[in-house]
Amino acid sequence: MELFHNHGTRSMRTRRILGVAALTASIALVATGCAGGGSDSGSTSGSGGGGDQTITFIPKQLNNPYTDVVLGGGEEGAKAAGFASSQVVGPLDASASSQVSFINAETQAGTNVIVIAANDPDAVCSSLEEARTGGAKIVAFDSDTNPDCRDVFISQVVAKDVALIQTKLISEQIGGSGEIAILSATANATNQNEWIKFMEEDLKANYPDIKLVATVYGDDDDTKSFQEAQGLLQAHPNLKGIISPTTVGIAATARYLSTSDYKGKVALTGLGLPNEMRPFVKDDTVKAFALWDPAQLGYVAAFAGKALADGTITGEVGDKFDAGDLGEKEVTDGGIVIVGPPTTFTKDNIDDYDF
Amino acid sequence: MTTTVQPTGSGTPTPAASEKRNIIGSVMHLRELPVILALVALVLVTWAINPLFLSPQGVKDMLLNATIVMILAVGQAIVIITRNVDLSVGSILGLVAFGTGTLFVSFPGIPIVAVFILGMVFGALLGAVNGLLVTLAKVPALVITLGTLYIYRGLNNAWAGGTQYFADDRPEAFGNLSVDTVLGFPLITLMAVFVVVIVAIFMAGARSGRDLYAIGSDPDAARVFGIPVTKRVLLAFVANGVLAGLAGVLYTSRFNSVGATTGTGLELDVVAAAVVGGVAIFGGSGSVVGAAFGALLLTTITGALTAVRVDKFWQQAIVGVLILASIVIDRIASVRTARRLRVSEARDV
């Protein structure tokens with residue numbers, strides 16, 4: 001820690017320190033920079049303006065297994081829809097402001113379509129506005145931005161359906177009464193918060209004996225979600241069930257439950273990836289959970305982007321566009337395109353899915 | 001820099017009469033004492049409010065939560081004592097954890113012991129890079145390890161991409177290391193305690209261990225005195241790497257997934273644990289036992305505040321207050337020691 005103890009007079013030494021510091025920093029930048037594009041399949045970045053249309057996906061966070069499935073569908077959709085090039089850029093952490101610099105870079109590159117899953121509905125708005133001024137079309141998917149700053153939003157399913165299926169599953173598993181808690185992603189995640197709002201309404205209206213005692217946030221971080229699950233069970237000794245409407249949260253909670261005394265005593269459901277949840281369904285930690293096919297989300301987003309860029313749709317209610325293998329999709333109220341209904345996974349059908 | 005190191009064997013013999021008072025005095029002046037008292041108070045108060053906190057599952061969770069940070073804090077303490085710091089431990093843990101996941105997938109049936117050894121060797125290599133850069137380039141460790149923090153994380157991102165390995169990919173016996181208990185103590189916690197004891201004995205008893213304190217107190221004087229400073233500092237970084245590697249393997253045993261972001265941000269918790277545990281950030285004093293207790297205290301606070309349903313957002317503020325408190329205590333102690341030394345030396349002259 002000699003930095004704190006620099007005795008001032010040795011300027012030669014200080015200069016050398018600064019030099020090496022700069023060198024280290026640039027090596028680090030190069031190293032992380034290389035990694036940033038690691039998940040993209042070798043496509044070149046859009047040069048813009050050349051007549052060829054380019055599309056860029058900005059997920060909430062790179063290197064997230066759920067996001068990878070969505071983006072896989074997106075790449076496939078982009079190819080099928082006829083984009084000249086598609087790429088994926090994005091932050092490594094799912095924080096509110098981390099996406100802004102990536103949007104700005106896309107604006108400068110003149111990308112035609114930006115597909116984004118917002119970490120925060122408003123934080124990305126002003127930079128998206130700038131991109132639109134520059135001629136880009138904005139497609140939100142997975143997690144919506146403020147409706148004013150995008151052309152369409154591709155939603156997995158009707159938000160309410162996602163909420164209702166989770167309350168139904170937990171009610172079945174705890175016998176219709178008792179204390180439950182929710183373990184969500186970040187405190188300001190648009191999609192999770194919307195589902196939680198619907199779940200609260202549904203619980204009040206249709207399940208009077210189920211009491212929601214806490215909502216905690218694991219920030220889509222494995223370790224943090226794990227410890228939040230632990231804290232929930234300690235703080236609420238009568239807890240009978242946990243709903244985790246996020247793939248990271250449900251897997252971490254399942255891992256904790258399956259390695260603790262609570263296994264089989266506390267029910268767990270929510271939204272999970274079949275591949276990640278398979279062991280916990282097989283060892284009876286989790287009886288049933290739900291999800292849609294995430295790849296379709298990216299796929300439809302790519303086609304929506306193409307239709308917007310070609311000018312065949314403008315994002316008005318009632319606009320219809322062709323979504324390749326998935327047929328025709330329609331823009332509904334609020335500029336939302338719905339992909340499909342959620343699926344429930346249990347011991348009996350989980351082996352039929354591979355994502 | 002609050003304690004001075006006496007060259008071995010050159011101290012003047014102490015009269016037997018004052019020895020007893022010295023023992024009581026040294027317990028009272030034990031650097032680890034505040035953190036141990038805080039820990040005991042915390043556990044008792046939390047237990048009074050929520051008895052579940054000390055249920056068998058509660059104790060197990062508390063110990064398991066502390067295990068990994070404890071091992072990292074011990075390693076960090078070794079480095080900080082030499083007046084250096086290693087900020088890359090979170091990234092080292094991430095690389096080793098992902099490496100561990102990869103080993104089990106690529107070589108099914110690989111013996112668990114071999115995985116532990118390979119993990120520690122990998123950690124040692126990464127630690128050695130830090131140590132070599134610090135000792136050969138003679139650049140402050142703060143800057144070097146800040147650089148390697150990003151380099152190692154970048155490598156992890158490039159290597160892992162979106163791949164994650166899950167508990168299911170690993171043999172059950174490996175995962176059970178962090179599930180099974182002996183007399184209520186989880187196996188991996190016992191491993192951590194073993195590590196703390198071994199390192200503590202080395203730091204207190206071995207000549208090279210004492211050298212580390214001398215280097216931290218005054219590197220120039222240590223060099224003049226004939227201590228191989230470069231070799232010892234390198235040793236400290238390698239030891240820290242080995243422990244970070246061990247922590248990475250244990251992380252993989254305990255948690256569900258390992259991937260590109262595993263261990264991100266852990267370094268600050270680790271440095272905080274060492275500082276709260278009485279390891280002076282300017283080197284030369286503190287102990288690895290203190291650092292281990294610091295880790296236990298910080299992880300227990302998080303668990304305790306949740307158990308008594310205190311808002312999450314307060315937890316970080318409380319950790320901050322603890323860090324400041326321990327630095328203030330350390331500062332007061334060092335001012336007092338300096339004054340006492342001045343007075344006694346003046347008298348001796």
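The shown structure was predicted, so the numbers you read here are calculated from the model rather than taken from an experiment. (Residues numbered from 1 in each chain as written. Chains lettered and ligands numbered in written order. Predicted model: local features only at pLDDT ≥ 70, side-chain atom pairs only at ≥ 80, totals over all residues.)

**With respect to the overall build of chain A**
At step 1: For chain A, the helix and strand inventory stands at 10 helices and 14 strands.
At step 2: Taking all 355 residues of chain A together, 51% fall into the buried category. (Helix = DSSP H or I, 4+ residues; strand = E, 2+ residues; numbered from the N terminus. Buried ≥ 20, exposed ≤ 12 C-beta atoms within 10 Å, placed from the backbone.)

**Regarding the domain arrangement of chain A**
Residue and element names in this part refer to chain A.
At step 1: Domain parsing of chain A yields domain 1 (54–156 + 294–339) and domain 2 (159–291).
At step 2: When each unit is reduced to the centre of its C-alpha atoms, the spacing between domain 1 and domain 2 is 28 Å.
At step 3: Facing 12 residues of domain 1, the contacting portion of domain 2 comprises 11 residues.
At step 4: In terms of residue class, the side of domain 1 that touches domain 2 is made up of 6 nonpolar, 3 polar and 3 charged. (Domains from an automatic or database assignment. Contact = placed C-beta atoms within 7 Å. Nonpolar A, V, L, I, M, F, W, Y, C, P; charged D, E, K, R; others polar.)

**Things to note about the nonpolar core**
At step 1: If you look at the biggest cluster of nonpolar residues, it comprises 197 residues, and the most contacted ones within it are Ala-73 and Val-74 of chain B.
At step 2: With 16 residues, the single largest contributor to this core is helix 3 (residues 56–81) of chain B. (Core = buried A, V, L, I, M, F, W, Y, C linked by C-beta atoms within 7 Å.)

**With respect to the sheet that holds strand 5 (residues 152–155) of chain A**
Residues and elements named next belong to chain A.
At step 1: One open sheet accounts for 8 strands, arranged 2-1-3-4-5-13-12-11; its pairing is mixed. The strands lining the two open edges of the sheet, one partner per strand, are strand 2 (85–88) and strand 11 (320–322). The mean angle between the axes of side-by-side strands here comes to 25 degrees, regardless of whether they run parallel or antiparallel.
At step 2: Pairing between strand 3 (residues 113–116) and strand 4 (residues 137–141): 4 bridges, direction parallel. Bridging from a neighbouring strand, Val-115 pairs with Val-139 of strand 4. (Pairing = 2+ DSSP bridges. Axes fitted to C-alpha atoms, helices over the stretch in contact; angles between N-to-C directions.)

**Remarks on the environment of Glu-328 of chain A**
All names here are of chain A.
At step 1: Its location among the elements puts Glu-328 in strand 12 (residues 328–332).
At step 2: Once the C-alpha coordinates of Glu-328 and Val-300 are considered, the two residues, 28 residues apart in sequence, prove to be 9.8 Å apart.
At step 3: For Glu-328, the contacting residues outside a window of four places in its chain are Lys-320, Asp-322 and Ala-323.

**Focus on the interface of chain B and chain A**
At step 1: Facing 46 residues of chain B, the contacting portion of chain A comprises 38 residues.
At step 2: A total of 12 residues in the side of chain B that touches chain A trace back to one element, the largest contributor, which is helix 6 (residues 141–160) of chain B.
At step 3: The class makeup of the residues in the side of chain B that touches chain A is 22 nonpolar, 19 polar and 5 charged.

**Overview of the environment of Gly-226 of chain B**
Residue and element names in this part refer to chain B.
At step 1: Counting through the fold element by element, Gly-226 comes out in the loop between helix 10 (219–224) and helix 11 (229–254).
At step 2: We classify Gly-226 as exposed; it has 9 C-beta atoms within 10 Å.
At step 3: In this structure, the C-alpha to C-alpha distance between Gly-226 and Phe-107, residues 119 residues apart in sequence, is 47 Å.

**Topic: the sheet that holds strand 8 (residues 239–244) of chain A**
Residue and element names in this part refer to chain A.
At step 1: Reading across from one edge, 7-6-8-9 is the order of the 4 strands in this open sheet, with parallel pairing throughout. Edge positions in the sheet fall to strand 7 (210–217) and strand 9 (267–270), since each of these pairs with one other strand and no more. Strand-to-strand twist in this sheet, taken as the mean axis angle between neighbours without regard to direction, amounts to 25 degrees.
At step 2: Inspection of the sheet shows strand 6 (residues 178–184) paired to strand 7 by 7 bridges, in the parallel sense. Each residue of the ladder has a partner; that of Ile-180, found in strand 7, is Leu-212.
At step 3: Taken strand by strand, helix 5 (residues 159–174) contacts strand 6, strand 7, strand 8 and strand 9, and its axis lies near 165 degrees from that of strand 9.
At step 4: Sheet contacts for helix 6 (residues 190–206): strand 6, strand 7 and strand 8; angle to strand 7, the most-contacted strand, approximately 165 degrees.

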